[in-house]
Amino acid sequence: MSKSTIMSKRITKFSFVGTLACTFMVSSIGLVNADGHGVYGPFPITEKSYNGSKKNSVSYGGQIARQLQHNALKKLASKGNPNDPTNAPEKKMLSYLNTKDKSKTLAILDPSPNSSKFPIKQKMIGELSGGANLSGKADKRIQTSWPGNMSGVDVIKFMIKKAGKTKGGVDTRNGMNYPQLISKYTMGAVLYHQACDNYLDEKLEADNKPNNKPYKKGKHYTGKEHSWDEGFGYWGAAAHGATLSARQNYDIAKKKDMSAADANGDGVVNLKSEMNYAHAYYASAFDKGGVTDYYNTITQAFIDGRQIIVDANGKALSSSERSNLKAKARIICSNWEKVIAEAVFKYAGSVYGDLEKLKASPGDAKLYRKYVKHWGELKGFALSLHTSGQNLGEL
């Protein structure tokens, strides 16, 4: 079956989701700006057994470490070299997929640690977390949307191997842009999957990471506090992002607005709390058109949900509180799915446009590479829709 036929089917399948736009207004809580949007943290310590000196219960460094590992994978995937007998490109990518940077030797690649226009606070992945990797959090189920009965991590490894042996990571003969495939699929199979099929799903049940116990022994946050924080870290929004415009959030993600990013005015961007990543970036990209409000809807729901947990003051959540928290999780994940679906719809349109142009200029190599890039983005996002735990049927 031709890619144009497959693409047409995808348009039919996903257009009903991609065209939905949801604008959801919420009341302000905690720190707010003039528009009533809040900031994610700091939130007080409510865990009753903690006797240390920490004052802020927010913790999602591991999730931001994974955001940065994903950024590095995409960057490295374009360094493929078929003439390298040492397989160095593949090995480098695998180090960012598998390594837990306890020794703080795994360099942050994107954003650049050497930029003077957008200086960053952290230089090594391990400065955010020494216990985080991507491979351990990838969807473990068989990915029926990819051939070979592979798990999520095996799909990523398959793509990495191909990218490492392909010049620039782009296989023009077979129409595969591996930097785009790796990036968009990993965003789904790790980030979206962990948030909406784990932390905002099973871990919201009463007996899973309860709020009247620490997440782990000795920790300064409760089970529900940290579970919710981890979901927020996988979303990838700046803590103050809901106080900014969609254009400002987009420009932060593109590393073009230092003043908007630097919330505390210390002259550097804290990659944990002042940067936008992955799906939050795509949400801001859509929102700046003025039709959707995905970024604020999702980010504010995270803030509101965190306040529900704080208000429980270290006690087990009541059935009413958990019901309210789950309602916030549904807002988050339904709109997150729409962000991905809108990306599918966007790139399906791009692929269609490219194919029409190629009909008129079938030998245009530059146009063909553009088509391959857009097809990789379309395929990666479409694959990632299947990682949330919902059965969306065949792809």
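If you're wondering where the values come from, they're calculated on a predicted model, not measured in any experiment. Note on numbering: residues in each chain are counted from 1, in written sequence order. Where local features are concerned, this predicted model is filtered to residues with pLDDT of at least 70; where side-chain atom pairs are given and counted, the filter is 80 or more; whole-chain, interface and lining totals use all residues. Neither water nor hydrogens contribute to the side-chain values; these are computed over all heavy atoms in the structure.

A. Up close: helix α9 (residues 278-287). With 9 of 10 residues buried, α9 is to be regarded as a mostly interior element. Working definition: with a 1.4 Å probe on protein chains only, accessible area under 20% of the residue-type maximum means buried, over 50% means exposed, and in between means partly exposed. Numbering of helices and strands starts at the N terminus; helices are DSSP runs of H or I of at least 4 residues and strands are runs of E of at least 2. The complete set of buried residues in α9 reads Ala278, His279, Ala280, Tyr281, Tyr282, Ala283, Ser284, Phe286 and Asp287.

B. Fine view of the side chain of asparagine 211. Of note, asparagine 211 is situated in the loop between α5 (178-199) and α6 (223-235). When its relative accessible area of 2% is taken as the criterion, asparagine 211 is described as buried. Under the rule applied, a polar contact is a pair of N or O atoms within 3.5 Å (in protein, one hydrogen donor and one hydrogen acceptor; residues adjacent in sequence only if both atoms are side-chain atoms). Within the structure, asparagine 211 has its side chain in polar contact with the side chain of threonine 222 (distance 2.5 Å). One polar contact links the side chain of asparagine 211 to the main-chain carbonyl oxygen of lysine 315, over a distance of 2.8 Å. Ignoring anything within four residues of it in the chain, the contact list for asparagine 211 reads Thr222, Lys224, Glu225, Ile309, Ala312, Gly314, Lys315, Ala316 and Leu317. For this analysis, residues touch if any pair of their heavy atoms sits within 4.5 Å.

C. Just the packing of aromatic side chains, in detail. Pairing of aromatic side chains here covers Phe, Tyr and the six-membered ring of Trp, requires ring centres within 6.5 Å, and sorts the geometry by plane angle: under 30 degrees stacked, over 60 edge-to-face, intermediate tilted. Taken as a whole and judged by the stated rule, the model has 17 aromatic pairs. Aromatic side chains tyrosine 40 and phenylalanine 43 sit 5.7 Å apart centroid to centroid with 80° between the ring planes, which places their arrangement in the edge-to-face category. Of the two residues examined, tyrosine 40 and phenylalanine 43, each falls in the buried class. Between tyrosine 40 and phenylalanine 232, the aromatic rings sit 3.9 Å apart at their centres with planes inclined by 5°, giving stacked as the arrangement. Of this pair, tyrosine 40 sits in the loop between α1 (3-18) and α2 (61-77) while phenylalanine 232 sits in helix α6, and the two are 192 residues apart along the sequence. According to the relative accessible area criterion, tyrosine 40 is buried, its value standing at 3%. You can call phenylalanine 232 buried: its relative accessible area is 1%. Through successive ring pairs, a cluster of aromatic residues spans Tyr40, Phe43, Tyr60, Trp228, Phe232 and Phe302. For a Lys NZ or an Arg CZ to count as sitting over a ring, it must be within 6 Å of the ring centre and within 35 degrees of the ring normal. The lysine or arginine in question, lysine 288, covers the ring of tyrosine 250, its NZ or CZ lying 4.6 Å from the ring centre. Of note, lysine 346 hangs over the ring of tyrosine 347, and the distance from its end group to the ring centre comes to 5.3 Å.

D. Local environment of a positive patch on the surface. Patch membership requires more than 30% relative accessible area and the absence of a salt bridge. Residues of like charge join within 9 Å; the nonpolar side chains Val, Leu, Ile, Met, Phe, Trp and Tyr join within 5 Å. Computed with a 1.4 Å probe, the accessible areas rest on the Shrake-Rupley method; for each residue, only the protein chains presented here act as cover. For this analysis, a salt bridge means a side-chain nitrogen from Lys or Arg found within 4 Å of a carboxyl oxygen belonging to Asp or Glu. In this charge count, Lys and Arg are treated as positive and Asp and Glu as negative; neither His nor the chain ends contribute. For the purpose of locating charges, the reference atoms are NZ of Lys, CZ of Arg, CG of Asp and CD of Glu. Together, Lys54, Lys100, Lys102, Lys216 and Lys219 line one region of the surface with positive charge. Relative to the elements of secondary structure, lysine 100 occurs in the loop between α3 (88-98) and α4 (152-164). By relative accessible area, which is 44% here, lysine 100 ends up partly exposed.

E. Focus on the packing of α4 against α5. All axes here are fitted lines through C-alpha atoms, helices being fitted over the stretch that makes contact, and every angle between N-to-C directions spans 0 to 180 degrees. For the pair α4 and α5, the least separation of the axes is 10 Å and the interaxial angle reads 165°. By the angle class used here, α4 and α5 are roughly antiparallel. Seen along the crossing, α4 lies across α5 with a hand that is left-handed. Side by side, α4 and α5 meet where Gly152, Val155, Ile156, Met159, Ile160, Lys162 and Ala163 of the first sit next to Tyr178, Leu181, Ile182, Tyr185, Thr186 and Val190 of the second. Ten residues, namely Ala, Val, Leu, Ile, Met, Phe, Trp, Tyr, Cys and Pro, are considered nonpolar, four, namely Asp, Glu, Lys and Arg, are considered charged, and the remaining ones, Gly among them, are considered polar. Residues that form the contact of α4 with α5 fall into these classes: 10 nonpolar, 2 polar and 1 charged. Roughly parallel covers angles under 35 degrees, roughly antiparallel covers those over 145, roughly perpendicular covers 65 to 115, and oblique covers all other angles. Here a crossing is taken to be left-handed if its near helix is turned anticlockwise relative to the far helix by less than a right angle, and right-handed if that turn runs clockwise.

F. Here's a closer look at α3. Considered for burial, the residues of α3 that qualify are Pro89, Glu90, Met93, Tyr96 and Leu97. For α3, the angular spread of buried residues about the axis comes to 125°, placing them on one side. Considering only its buried residues, α3 is in contact with α2 and α4. Directions drawn from the helix axis to the C-beta atoms are what define this arc.

G. Examining the confidence of the model for the chain more closely. Confidence scores labelled pLDDT are given residue by residue by the predictor and lie between 0 and 100. Averaged over every residue, the pLDDT of the chain is 91; residues scoring 70 or more account for 89%. Across residues 1-30, confidence stays below pLDDT 50; counting only partners more than four residues off in sequence or on other chains, it has 61 contacts.

H. Up close: the pattern of salt bridges. Inspection of every chain in the model, using the stated rule, returns 12 salt bridges. Residues lysine 161 and glutamate 90 are paired through a salt bridge, measuring 3.3 Å at the closest nitrogen-oxygen approach. Linking lysine 161 in helix α4 with glutamate 90 in helix α3, this pair joins segments that are 71 residues apart in sequence. Looking at lysine 161, the relative accessible area reads 49%, which means it is partly exposed. Judged by relative accessible area, glutamate 90 falls into the buried class, the value being 13%. A salt bridge links arginine 322 to glutamate 205, with the shortest nitrogen-to-oxygen separation between them at 3.8 Å. In this pair, arginine 322 is assigned in helix α11 (residues 319-360) and glutamate 205 in the loop between α5 and α6, connecting sequence segments 117 residues apart. Overall, the relative accessible area of 18% leaves arginine 322 in the buried class. The class for glutamate 205 is partly exposed, based on a relative accessible area of 32%. One network of salt bridges, with partners in common, ties together Asp139, Arg141 and Asp197.

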